[in-house]
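Take a look at the letters that make up each chain.
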Amino acid sequence: MNLQQLVRKNVWDMKAYSSARDEFKGEASVFLDANENPLNDKYNRYPDPLQWKLKEKIARIKDIKAEKIFLGNGSDEPIDLVIRIFCDPRMDNIVAIDPTYGMYQVCANVNDIEYRKVLLNENFDIDAQKILERTDDKTKLIFLCSPNNPTGNLLNRKEIEKILNAFDGIVIVDEAYIDFASETTWLNDLDKHPNLVVLQTFSKAWGLAAVRLGMAFASPEIINLFNKVKYPYNVNILTQNFVSEEVEKLELRRQWIDILLKGREYLKNELAKLPFVERIYPTDANFLLVKVGDANGIYKKLADKGVIVRNRNSVSLCAGCLRITVGTDEENKTLIKTLSSLDI
Ligand code: PMP
């Protein structure tokens, strides 16, 4: 892979914005270099633009070098950035699986990049050959999501590997739900595949969706490109400090995952007993895709009773399906009770 050939010329050639904090990194007694207000101690100073302290902590947990980590405002930020780094508007294209997480297409549209969808097979899995056939010399990125949203399943590892080996561009594997999965992350394969970008997030298993912190993992060369195009202070100090404490709570997080996996099992068993449930798809995420037939009707009846699930009826291959997130034990019971009481 020739990184320079893949990256947009303007991005490759440009100089990144250099902030006061980039130009002087050491300790000093008087800081008069960033036009900050000196009178509101604690929050008056710009934060570390590259969030090194937090990255060092994440690096330890993930057993990866901090230089291979990018942190953003949710993983939605690196999704947008990777497109802006590699894809020339109205010239390049992106190939992605269908159905999948909607933001890949939204970001492609915003950036005026052709977005090519490759339908998953009947098991919601990929065929590497089919995906590769949709690429051409203008394809810069392939988006894969494993476990996939909204289908919940892991994509076949061997097929992902084939794509990584055969494709000359960047392959993004979005692992937002990997902590709930029975297989391990692709993080350990970054050295083997210099074209791999792995996305993870604090919004799911870590229970921090409101805090907005997402991670991209890739070679230091690719991470440098992310750093070049991001806003200078893209992760605020409240998030940096708060998550620095939260990442210590590994045991608590493990317990939460246990609880949610048990909740998933409970929902699977109870949903299977309902007469209108036609199919519960295998899942490796914290949600279940459930085929109910009249998804619109059941969605509406549930919503009328104050229970909101996601109606995926109009999504490719998901006609008649609801996507149900695993909640607390109480929420799960309420869902099942409400579904059982529906007049269908
Ligand atoms: N990837 C996938 C597959 C998702 O489902 C989501 C959120 N639903 C995200 C990324 C974005 O997560 P966040 O921006 O909260 O990190």
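Residues numbered from 1 in each chain as written. Predicted model: local features only at pLDDT ≥ 70, side-chain atom pairs only at ≥ 80, totals over all residues. Heavy atoms only, no water.

With respect to the site of the ligand
No. 1: Neighbouring the ligand are 13 residues; S75, D174, Y177, T201 and S203 lie closest to it.
No. 2: Separating a nitrogen atom of the ligand from a side-chain N or O atom of D174 is a distance of 2.6 Å.
No. 3: T201 is positioned such that a nitrogen or oxygen atom in its side chain is 2.6 Å from an oxygen atom of the ligand.
No. 4: In the complex, the protein chains occlude 91% of the 400 Å² of accessible area that the ligand would expose alone. (Near = heavy atom within 4 Å. Polar contact = N/O pair within 3.5 Å; in protein donor to acceptor, adjacent residues only side chain to side chain. Areas by Shrake-Rupley, 256 points an atom, 1.4 Å probe, with all protein chains shown as cover.)

Examining the nonpolar core
No. 1: In terms of nonpolar packing, the biggest core is built from 77 residues, with I83, F86, L141, F143, I163 and F226 touching the most fellow members.
No. 2: I83 has contacts with I94, Y104, C107, A108, N111, I113, L141 and F143, leaving out every residue within four places of it along the chain. (Core = buried A, V, L, I, M, F, W, Y, C linked by side-chain atoms within 4.5 Å. Buried < 20%, exposed > 50% of the residue type's maximum accessible area, 1.4 Å probe, protein only. Contact = heavy atoms within 4.5 Å.)

Here's the deal with the pairing of strand β1 (residues 69–72)
No. 1: The side-chain alternation of β1 yields two buried faces, one formed by I69 and L71 and the other by F70 and G72.
No. 2: Of the strand pairs in this sheet, β1 and strand β7 (residues 214–217) are connected by four bridges, and their pairing is antiparallel. By the bridge assignment for β7, G72 is matched with G214. (Helix = DSSP H or I, 4+ residues; strand = E, 2+ residues; numbered from the N terminus. Pairing = 2+ DSSP bridges.)

Quick word on the environment of G297
No. 1: For G297, the location among the structural elements is in helix α12 (residues 295–304).
No. 2: For G297, a relative accessible area of 18% puts it in the buried group.
No. 3: In sequence terms G297 and G320 are 23 residues apart; their C-alpha atoms lie 9.8 Å from each other.

Nothing here speaks to function; it is geometry throughout.
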